[in-house]
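Notes for the structure review
Residues per chain, in single letters:
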Amino acid sequence: MVTMELDRVGVGRPASTVSDTMDEVLYSRLMHSIGRKAVEWLSSSRVLVLGCRGMGAEVAKNLALSGVASVGLVDEGTVCVEDLGCQMLLKEGDVGSNRAVATARTLRELSPCVDAIAISEAALESSLKDFQLLVVTMGTLPYIAHVNRMCREAGVMLVAAISRGVFSFVFVDLGECFSVLDETGEPVSPVLVEGITQDSPATVTVVEEQRHGLEDGDEVVFSGISGMEELNHRVSYPVTVTGSCSFTIPEDTRGFNRYVSGGYFHKKRPVKKMSFLPMDKSINSPEFCISDPAKAGRTPCLHIAFQAADEYERQHGLSSTGAGSTLEDADAEEVVKLAREMWLRASPGGSLQENGDLSCKTPDLDRSKSGVTSSSATGKRDADSSSSANEEACSSDSGAGRRDGTSGLDEELVKLVAQGGSVEICPIVAITGGIAAQEAIKALSKVFMPVHQWFYFDATECLPLKSSSLEERTPLGSRYDSQAALFGREFQQKLSSSQWLVVGAGGIGSEVLKNLVLMGVGCGTSGRIVMTDMDSVSKANLVDQALYHIDDLDRPKTPTAARALRRINPAAQIHALQEKFDASSESLFDTSFFESMTGVISAVDNSTSRLYIDMRCVNYRRPLIDGGKHGAKGSVQVFVPFQSEMYASTRDPPEHREFPICTLKNFPYAPEHTLKWAVETFEALFKQRPVDVNSYLSKRDFQDSMRKSPASTRLPILETLRDALVLQRPLSFDACVQWARLQFEELFTNNIKQLLYNFPAGMTTSAGTPFWSGTKRIPTPLAFHPSEPLHMDFIIAAANLQATVYGLKGCRDHSLFVDIVQRVAVPHFQPKEGIKIAVSDSEVRNPQRRGQDDSDATAACEAILQELPTPPSLVGYRLTPLEFEKDDEHNFHADFIAAAANLRAHNYGIPLSTKLQARLIGGGIIPAIITSTSVVGGLICLELYKLLLQKPLSDYRHSYFNLAVPLFCFAQPMKAFEHTVARSQGGLLNWTLWDKFEMDCVGMPLESFLLNFKQQQGLEITMVSYGKSLLYAEFLPRKKLQDRFPVTLLDLVTSVGKVAVPPTETKLVFSVSCTDADGNDVEVPDVIVKVR
């Protein structure tokens, strides 16, 4: 075994020493998930992983991608073929070599900035001092307890993760005194103060638009208060809540200055102290973190079952460090006997729950802190985890009610654990490895609530209803032997011959694809995996997308992923497409394509795409598994043809928070307002302005189409064109700098002066209250000075972006900018009379109330058109519109948004934002961490097992989790609603959303189609539509109907619907409205019509 000397430089060093070198673009999603400080601590952390089979490799991969400084790997085992079915870091060429050395080599390729080293087991104890944390993924329970004691002596924290078939556990020991700095990871935004009384205790009120969200005992810190400055940054104050917009603080403010205006408070994150027991003590007095509340009764049984199976293996000399193996029924019965003895010893009275030594101590599941809420990124809203099916599962956990003192022990569950042996299967490893890695990150960063102390997971719903024969489970020297040992060789063949479409090759897509090829899905000669994604690899993808390396930057994702997948499993049948999965690609993803697919996996990040994928799956009756994530949160949903509801049966909340227009334009009061305003300013100046210019220069009918709009609408566009092509068109970079300086004056000085001219400081409303109160913060114009770094940041970014738009060469020489801006002649500002500034969104939507009347606007438009150069005079001249690119640190995009947002924040006395926040808000970045991505990928594959096993609806699970808390919720999918319609010829039509009428109408005219449908279905069609086009309706003019009756449906689609049907498409889906036997309008399924 190779032992490498450890470089101890940087072990335990403060985060502040590495912050300057932190790659903000690379780790932006991770910082958005756990915070910048936590990422900095990870970058100086060293972790040792004991065991390099599937679980160890999954943990090591997750930690490496999360940016730890070093990962040490310990495993004396030799790579065998069976390891390749669960370990993505091994290749076929590694068979016969040391498992740790081979894993370390691939881990360095995956994440070059991580120091991955192999360490001999003999050097384990002496090496512990060089690491902060040990993750154990192999060994017996006594061995893990022994290693735990070694860790305690060395001051090293420990996480253990072990799986047995479809069961697993995670154990956490972070020492006797561990501090959690942030329990939930939920963002804490500043809240605007509206008033503070001079009283004891003082009462604080907040604006109605921002409810404080505090609880009694929470602590707050004040800043930016005008008047009662004594409270600013003084101390943190515990609060007593008196209402949704008020609370008191234990401070006598009667001697303080009177509160005047403004100010914010931040909720202080409380530090939570926790104490952990070592395994040898905790195993006899466990505290459980429940993975599924509906299965809470199983957890003590699983705790005993794992001990009994471990004891049996030790008694019979079975190894838990080599290739996995299962136990036969006779051996499992021996494990059950051991479990009975252990249950009795732990519970002398016969009831485990009544005994103090092995009670099921569970933490309070505070749903208000769980963060498992509906989100467009995580999919649907929380489902009811107390479904009848779950209640049945829970009731079945109590055992058979034996009279020998083992009442409560679920012996069938123990038997299943025993039969799982030491087998590792990919989905369980992905889930448990994600959880274990997250616990390691919690330990190293002190962010999020750790598991305290045992977490058990099971997926018994995935197991076949009938066990496979011994012959079916006998190892054949295949990479799939472990999986076949649980599910049988016949099921393995079904996996290999299945065909799946994976939409999205990003975070979740990468994890799912990796799992699929490890499991052998679509890897047979008759199977395949089709993946489609239009994106290219960016640097930020590298922290949660394990299929891409640093050398893959800017390459298209799908072909790059395909190469990586074939390295993992050369038998993988991968079809990589770079198509957007929407209406534009239906000629590719047509009827014949969907009919060849076993199912679809959705790995997209927005509800619009999900709804489209869902619609296509329902049309073609194909199962859909959808995964979503948002930081430490994730969800998986499964939709089963003819059994469950569809994704669209319920609605997601809006993906992006919308702010009132007037708040953004004139009355911001929160950092998110200034950031959103900066994003809109970027788009107006550097995207929409060039687009309008290019339209004017290239479209012949531009002016004619403009004249169709009201003059007040087209005037701002024409003014923009005049500025861009006449008044402010730069011919040199110096002109770009001058333009940037004038933009500063316009945005942060003149506009504010005009606002204050319209609404002076002492102004009152018609009700007699001050106009500048509540959320309306009185602004201050800024005076530009080149010595102010923020002022120059804006000038440098704006000038370079202007140069990019006009195709000029940029510059970064700070002295050049200073020299130019000092020579810019800035016109003196004169407030304009008659300018109306809207104070409500209703005024914004009523342009007739603005300053110029329509006749004046028309005259102004015509005058500007005369000033503009004619398009022929600028033949070939075009500007370059800029799309905000969040992952390029050198393009000035994030620099502009950060500078603009913070200058506006200075205008209004609002807390400042960082460039990272500008990148996140501007780019609409979804927080990402590989641990939750890994869990989502594993949960998706569990549902895939069930689909191929054709399980009943009660066995499927929608999954929702938040690894930060941690909290898991599972719910059975809702059963598809069944409609009933009376037919004219008697009988009833019973149908669900999955049902479709099917008709062969090749060459059939519309009239014959209507007649045949009525004869076949006993229903009369009153309306036929294709997409948004109405092809037939009873109320259409008689002449139009007569013209359409002899036309085929295919020709109607092309002539009336103006749709070009791909030549490969043989079937079309039509929506119809019908009347039933009583002449009532009824809802009926769509009609799938064969047209070719």
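Use the structure listed above.
Residues numbered from 1 in each chain as written. Predicted model: local features only at pLDDT ≥ 70, side-chain atom pairs only at ≥ 80, totals over all residues. Heavy atoms only, no water.

1. With respect to the packing of aromatic side chains
All chains considered together, the criterion is met by 47 aromatic pairs. Following the ring pairs from residue to residue traces out a cluster consisting of Trp-677, Phe-682, Phe-686, Trp-739, Phe-744, Phe-748, Phe-784, Phe-794, Phe-884 and Phe-896. Between Lys-776 and the ring centre of Phe-667, over which it is positioned, the NZ or CZ distance is 5.2 Å. For the cation-ring pair, Arg-904 lies above Trp-677, with the distance from its terminal atom to the ring centre recorded as 4.4 Å. (Phe/Tyr/Trp six-rings, centres within 6.5 Å; stacked < 30°, edge-to-face > 60°. Lys NZ or Arg CZ within 6 Å of the ring centre and 35° of its normal.)

2. With respect to the sheet that holds strand 21 (residues 599-602)
As summarised here, the arrangement of the 8 strands in space is 20-19-18-21-22-23-24-25, forming an open sheet in which the pairing is mixed. Edge strands, defined here as strands with exactly one partner in the open sheet, are strand 20 (574-577) and strand 25 (967-971). Across the sheet, the mean angle from the axis of one strand to that of its neighbour is 10°, orientation sign disregarded. Looking at chain direction, strand 18 (residues 499-503) and strand 19 (residues 528-532) are connected through 5 bridges and run parallel. When the bridges of strand 19 are listed, Leu-501 appears paired with Val-530. (Pairing = 2+ DSSP bridges. Helix = DSSP H or I, 4+ residues; strand = E, 2+ residues; numbered from the N terminus. Axes fitted to C-alpha atoms, helices over the stretch in contact; angles between N-to-C directions.)

3. Quick notes on the nonpolar core
Membership of the largest hydrophobic core comes to 182 residues, with the highest contact counts inside it found for Ile-34, Leu-134 and Leu-944. Not counting chain neighbours up to four residues away, the residues in contact with Leu-944 comprise Leu-495, Trp-500, Leu-516, Met-519, Val-521, Ile-601 and Ile-625. (Core = buried A, V, L, I, M, F, W, Y, C linked by side-chain atoms within 4.5 Å. Buried < 20%, exposed > 50% of the residue type's maximum accessible area, 1.4 Å probe, protein only. Contact = heavy atoms within 4.5 Å.)

4. Describing the pairing of strand 13 (residues 246-249)
Residues Ser-246 and Thr-248 of strand 13 are buried on one face, and the alternating residues Phe-247 and Ile-249, pointing to the opposite face, are buried as well. Across 4 bridges, strand 9 (residues 202-206) lies against strand 13 in antiparallel orientation. Among the inter-strand pairings, Thr-203 is bridged to a residue of strand 13, identified as Thr-248. When strand 12 (residues 240-243) meets strand 13, the two strands line up antiparallel, connected through 3 bridges. What sits directly across from Thr-240, in strand 13, is Thr-248.

5. Description of the sheet that holds strand 11 (residues 237-238)
An order of 11-10-14-8-9-13-12 is seen for the 7 strands of this open sheet, with the pairing classed as antiparallel. Lying at the two open borders of the sheet, with one neighbouring strand each, are strand 11 and strand 12. Of the pairings in the sheet, the one linking strand 10 (residues 219-223) to strand 14 (residues 264-268) comprises 5 bridges and is antiparallel in character. Bridging across to strand 14, Val-220 finds its partner in Lys-267.

6. Description of the pairing of strand 6 (residues 167-173)
Residues in a regular strand point their side chains to alternate faces of the sheet. Within strand 6, 7 of the 7 residues are buried, which leaves it mostly tucked inside the rest of the structure. Across the two faces of strand 6 the burial is the same, with Phe-167, Phe-169, Phe-171 and Asp-173 and Ser-168, Val-170 and Val-172 all buried. Where strand 5 (residues 157-164) lies against strand 6, 7 bridges are found, and the strand directions are antiparallel. Residue Leu-158 lies in a different strand from strand 6, and its bridge partner there is Asp-173. Linking strand 5 back to strand 6 in an antiparallel pair, the connection comprises 2 residues, with Gly-165 at a positive phi of about 65°. Taken together, the 5 bridges between strand 6 and strand 17 (residues 454-458) define a ladder with antiparallel strand orientation. Paired with Phe-167 across the strands is Asp-458, a residue of strand 17.

7. A word on unusual backbone geometry
Note that the residue after Ser-200, namely Pro-201, is joined by a cis bond; omega there is 0°. In this structure, Phe-448 is a non-glycine residue whose phi angle is positive, near 85°. Examined against the element boundaries, Phe-448 turns out to sit in the loop between helix 13 (426-445) and strand 17.

8. Re the packing of helix 22 (residues 671-698) against helix 26 (residues 789-805)
At a minimum axis separation of 11 Å, helix 22 and helix 26 run at an interaxial angle of 10°. Taken together, helix 22 and helix 26 sit at an angle that is classed as roughly parallel. The residues of helix 26 that touch helix 22, namely those facing Phe-682, Phe-686, Arg-689 and Pro-690, are Ala-798, Leu-801, Gln-802 and Val-805. Taken together, the residues that form the contact of helix 22 with helix 26 break down as 6 nonpolar, 1 polar and 1 charged. (Parallel < 35°, antiparallel > 145°, perpendicular 65-115°, else oblique. Nonpolar A, V, L, I, M, F, W, Y, C, P; charged D, E, K, R; others polar.)

9. Quick notes on the environment of Gly-67
For Gly-67, the location among the structural elements is in the loop between helix 3 (54-65) and strand 2 (70-74). Separated by 27 residues in the primary sequence, Gly-67 and Glu-40 have C-alpha atoms spaced 8.8 Å apart. Ignoring anything within four residues of it in the chain, the contact list for Gly-67 reads Tyr-27, Leu-42 and Ser-43.

10. Brief notes about the pattern of salt bridges
Close approach of charged atoms lets side chains of opposite charge pair. Evaluation of the coordinates by the stated rule reveals 52 salt bridges. In this structure, Asp-280 engages Arg-149 in a salt bridge whose closest nitrogen and oxygen atoms are separated by 3.3 Å. Placement of Asp-280 in helix 7 (residues 279-282) and of Arg-149 in helix 6 (residues 141-154) is noted, with a sequence separation of 131 residues between them. By relative accessible area, Arg-149 is classed as partly exposed at 37%. A salt bridge links Glu-745 to Arg-741; the nearest nitrogen and oxygen atoms lie 2.8 Å apart. Note that Glu-745 and Arg-741 are positioned in helix 25 (residues 733-758) at a spacing of 4 residues, about one turn of the helix. Residue classification places Glu-745 among the buried residues on the basis of a relative accessible area of 12%. (Salt bridge = Lys/Arg side-chain N within 4 Å of Asp/Glu carboxyl O.)

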